[in-house]
Amino acid sequence: DTEVTQTPKHLVMGMTNKKSLKCEQHMGHRAMYWYKQKAKKPPELMFVYSYEKLSINESVPSRFSPECPNSSLLNLHLHALQPEDSALYLCASSQVWGAGGTYEQYFGPGTRLTVT
Amino acid sequence: GQNIDQPTEMTATEGAIVQINCTYQTSGFNGLFWYQQHAGEAPTFLSYNVLDGLEEKGRFSSFLSRSKGYSYLLLKELQMKDSASYLCAVRDSGTYKYIFGTGTRLKVLA
């Protein structure tokens, strides 16, 4: 099973709402990632979790709050977002992160977020 | 600095062969990946090169020259379903991050 699942597929939220994006993988991967992708642009790295610990935060605004409850789950909590945050949010996983080796990333289908 | 360049768009005919180039400059190199991404969907892994040379996987092949900072993805016997964006990504050995190029949008015409 090489599947990464994400929910919801689409999300529309107002600037005062609080919502969460969820990601799950059952491949035993110990590295999980959040990316943001705007139309016709490459994915931009937001966060990296390695063995459930936050390893990389790419200076993401605090209105985005990641959480890794266990090795299979990754959440992204959203609060007080701006219209420019509208994008496709992709979750990915790989076997490991860091010096443990180079492995391909498996991406989920993404959540298309619209902030009104 | 870090820089990955790919052509923005390419067009090819069904049944033909197309080569998508990628040049990179990164502070460290730890592997190069090619992903396919259909519009509105997630990227899917196509190939991985860490040593110089050609890796072949069915209709897809990928080549790497580390000394030249250069890779290409070769797609043979093009099909309409190959119309997609193709992303080149380099893993930086210093930061361990995967750095994506801007992608090449390929249109396959009948």
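This section reports on the structure supplied with the text. Note that the structure is predicted; figures quoted are calculated from it, not measured.

### A word on the overall build of chain A
A tally of helices and strands in chain A yields 0 helices and 11 strands. Counted from the first residue to the last, chain A has its helices and strands arranged as β-β-β-β-β-β-β-β-β-β-β. Counting only residues that meet the buried cut, chain A has 51% of its 116 residues in that class. For chain A, restricting intrachain contacts to residue pairs at least 6 apart in sequence, the fraction spanning at least 24 positions comes to 57%. A distance of 8 Å separates the average location of the 12 positive side-chain charges in chain A from that of its 10 negative side-chain charges.

### Observations concerning the state of the cysteines
Residue and element names in this part refer to chain A. Under the defined criterion, the tally for this structure stands at 2 disulfides over all chains. Between the sulfur atoms of cysteine 23 and its disulfide partner cysteine 91 the distance amounts to 1.9 Å. On the sign convention where negative is left-handed, the bridge of cysteine 23 and cysteine 91, at about -70° about the S-S bond, is left-handed. In this pair, cysteine 23 is assigned in strand 3 (residues 18-25) and cysteine 91 in strand 9 (residues 87-94), connecting sequence segments 68 residues apart. By relative accessible area, which is 1% here, cysteine 23 ends up buried. Counting only cysteine sulfurs, cysteine 23 is the nearest neighbor of cysteine 68, a cysteine outside any disulfide, at a range of 9.2 Å. You can call cysteine 68 buried: its relative accessible area is 13%.

### Here we look at the interface of chain A and chain B
Interface size is often expressed as the accessible area that is lost when the parts come together. Counting from both sides, the interface comprises 24 residues of chain A and, opposite them, 20 residues of chain B. Viewed at the interface, chain B and chain A are joined by 1 salt bridge. A salt bridge links Lys97(B) to Glu58(A); its shortest N-O distance comes to 2.6 Å. When contributions to the side of chain A that touches chain B are tallied by element, the ones reaching two or more residues are strand 4 (31-37) and strand 9 of chain A. Of the residues in the side of chain A that touches chain B, the class split is 13 nonpolar, 7 polar and 4 charged.

### Here we look at the sheet that holds strand 1 (residues 3-5) of chain B
All names here are of chain B. Read across the open sheet, the 5 strands follow the order 1-3-8-7-6; overall the sheet is antiparallel. Edge strands, defined here as strands with exactly one partner in the open sheet, are strand 1 and strand 6 (53-57). With direction set aside, neighbouring strand axes in the sheet form an average angle of 15°. Alignment of strand 7 (residues 60-65) against strand 8 (residues 70-75), held across 6 bridges, turns out to be antiparallel. The residue of strand 8 that forms the bridge with serine 62 is leucine 73.

Quick notes on the rules
Residues numbered from 1 in each chain as written. Chains lettered and ligands numbered in written order. Predicted model: local features only at pLDDT ≥ 70, side-chain atom pairs only at ≥ 80, totals over all residues. Heavy atoms only, no water. Helix = DSSP H or I, 4+ residues; strand = E, 2+ residues; numbered from the N terminus. Buried < 20%, exposed > 50% of the residue type's maximum accessible area, 1.4 Å probe, protein only. Contact = heavy atoms within 4.5 Å. Lys, Arg positive; Asp, Glu negative; His and termini not counted. Charge placed at Lys NZ, Arg CZ, Asp CG, Glu CD. Disulfide = S-S within 2.5 Å. Salt bridge = Lys/Arg side-chain N within 4 Å of Asp/Glu carboxyl O. Nonpolar A, V, L, I, M, F, W, Y, C, P; charged D, E, K, R; others polar. Pairing = 2+ DSSP bridges. Axes fitted to C-alpha atoms, helices over the stretch in contact; angles between N-to-C directions.

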